[in-house]
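# Architecture and fold: a report
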Amino acid sequence: QSALTQPASVSGSPGQSISISCTGTSNDVGGYNFVSWYQQHPGKAPKLMIYAVSNRPSGVSNRFSGSKSGNTASLTISGLQAEDEADYYCSSYASSGTLVFGGGTKLTVL
Amino acid sequence: QVQLQESGPGLVKPSETLSLTCTVSGGSINSYYWTWIRQPPGEGLEWIGYIYYSGSTNYNPSLKSRITISVDTSKNQFSLNLRSVIAADTAVYFCARVEVGRYKWGFDPWGQGTLVTVSS
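Attention in this report is confined to the structure presented alongside it. (Residues numbered from 1 in each chain as written. Chains lettered and ligands numbered in written order. Predicted model: local features only at pLDDT ≥ 70, side-chain atom pairs only at ≥ 80, totals over all residues. Heavy atoms only, no water.)

### Notes on the environment of Val92 of chain B
Residue and element names in this part refer to chain B. Quick note on the threshold: Every helix listed is a DSSP run of H or I at least four residues long, and every strand listed is a run of E at least two residues long, numbered separately from the N terminus. Note on classification: 1.4 Å probe, protein chains only; a residue is buried when its accessible area is under 20% of the maximum for its type, exposed when over 50%, partly exposed between these limits. Working rule for contacts: check all heavy atoms of both residues, and any pair within 4.5 Å makes them a contact.
Mapped onto the elements, Val92 comes out in strand S9 (residues 91-99). According to the relative accessible area criterion, Val92 is partly exposed, its value standing at 24%. Sequence separation between Val92 and Val116 is 24 residues; the distance between their C-alpha atoms is 6.1 Å. Residues contacting Val92, with those up to four places away along its chain left out, are Ile37, Arg38, Gln39, Gly113, Thr114 and Leu115.

### Observations concerning the side chain of Gln6 of chain A
Residue and element names in this part refer to chain A. Selection rule: Each polar contact in these results corresponds to two N or O atoms within 3.5 Å; when the atoms are within protein, one needs to be able to donate a hydrogen and the other to accept it, and residues that are neighboring in sequence are counted only if both atoms are side-chain atoms.
Of note, Gln6 is situated in the segment before strand S1 (9-12). Here Tyr88 takes part through its backbone oxygen, which lies 2.9 Å from a polar atom of the side chain of Gln6. Of note is the side chain of Gln6, whose polar atom sits 3.0 Å from the side chain of Thr105. Apart from residues lying up to four places away in sequence, Gln6 is in contact with Ile20, Ser21, Cys22, Trp37, Tyr88, Tyr89, Cys90, Gly102, Gly103, Gly104 and Thr105.

### Here we look at the pairing of strand S4 (residues 47-50) of chain A
All names here are of chain A. Operational definition: Each pair of strands is called paired provided DSSP finds at least two bridges between the two strands.
Where strand S3 (residues 35-40) lies against S4, 3 bridges are found, and the strand directions are antiparallel. The residue bridging Gln39 from the neighbouring strand is Lys47, located in S4. A loop of 6 residues connects S3 with S4, the two strands running antiparallel in sequence, and Gly43 in this loop sits at a positive phi of about 75°.

### Re the interface of chain B and chain A
What counts is decided by this rule: Accessible-area loss on putting two parts together, using a 1.4 Å probe and summing over both, is the definition of buried area adopted here. What makes a salt bridge here is a side-chain nitrogen of Lys or Arg within 4 Å of a carboxyl oxygen of Asp or Glu, nothing more. Residues were grouped as follows: Ala, Val, Leu, Ile, Met, Phe, Trp, Tyr, Cys and Pro as nonpolar; Asp, Glu, Lys and Arg as charged; and all remaining residues, including Gly, as polar.
Contacts between the two partners involve 22 residues from chain B and, on the opposite side, 22 residues from chain A. Overall, the association of chain B and chain A removes approximately 1,800 Å² of surface from exposure, summing both partners, and the carbon and sulfur fraction of that is 68%. When the area that chain B buries against chain A is broken down by residue, the three leading residues are Leu45, Tyr103 and Trp105 of chain B, summing to 32%. On the surface where chain B and chain A come into contact, there are 0 salt bridges. Taken together, the links from chain B to chain A amount to 6 residue pairs in polar contact (both at pLDDT 80 or more). No other element matches the 4 residues that strand S10 (residues 106-110) of chain B contributes to the side of chain B that touches chain A. Split into classes, the residues belonging to the side of chain B that touches chain A amount to 11 nonpolar, 6 polar and 5 charged.

### Topic: the state of the cysteines
Threshold: To count as a disulfide, a pair of cysteine sulfur atoms needs to be within 2.5 Å.
The tally for this structure, following the rule as stated, stands at 2 disulfides over all chains. For Cys22 of chain A, the disulfide goes to Cys90 of chain A, at an S-S distance of 2.1 Å. Because the torsion about its S-S bond is 80°, the bridge between Cys22 of chain A and Cys90 of chain A counts as right-handed. Taken together, the residues Cys22 of chain A in strand S2 (residues 18-23) and Cys90 of chain A in strand S7 (residues 86-93) connect sequence positions 68 residues apart. We classify Cys22 of chain A as buried; its relative accessible area is 0%. For Cys90 of chain A, a relative accessible area of 0% puts it in the buried group. Each disulfide pairs two cysteine sulfurs, and for Cys22 of chain B the partner residue is Cys95 of chain B, the sulfurs being separated by 2.1 Å. Across the S-S bond linking Cys22 of chain B and Cys95 of chain B, the dihedral sits near 65°, which makes this disulfide right-handed. Of this pair, Cys22 of chain B sits in strand S3 (residues 18-25) while Cys95 of chain B sits in strand S9, and the two are 73 residues apart along the sequence.

If you want it as structure tokens, here you go:
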């Protein structure tokens, strides 16, 4: 299985909105509504931000939202804040019951 | 709340076996899937494999020939063995719970991670 494709980096100014894409195939992202997004600050464990494409766990800010179209899922962060600066990873359930991550995207808040 | 803690050697010699254990506290290991994930220094996350509390497993095809994940429900622990390690296996290894029902295959919570270096 190949890693899902994410942009290496994105950036935005405080208050702006940004989106991060996650492209897979019909065997993973396109075939199942089981896409999750994780936020990872340096030296920390990842934190679940979005599950099942567009759902937020309790305690996650509503500035974070997710969507999917075809084989591409997206994470949108609105009202960017300095604390949002981190690495973001998507993951998806895949055929044969395996799981796969994206390569990760570094978000810089300018 | 449920907490996970990885433990094991921080240094493993090439060609030997990397062995890690994840201890689950604050909740039962039963009725859940549990997973191992690794992150080489400066790189992205890689899913290694998962195990159901009953013992059934599923592994990353790229690592399948070298890994075994096992569970000990009496100790509330699950373990990873990675055989014939090479320098490229150097990584921070995380354990996590796979929330199949609640989070639809999302990983939560995570352990803090443990760095394993492969070097002679």
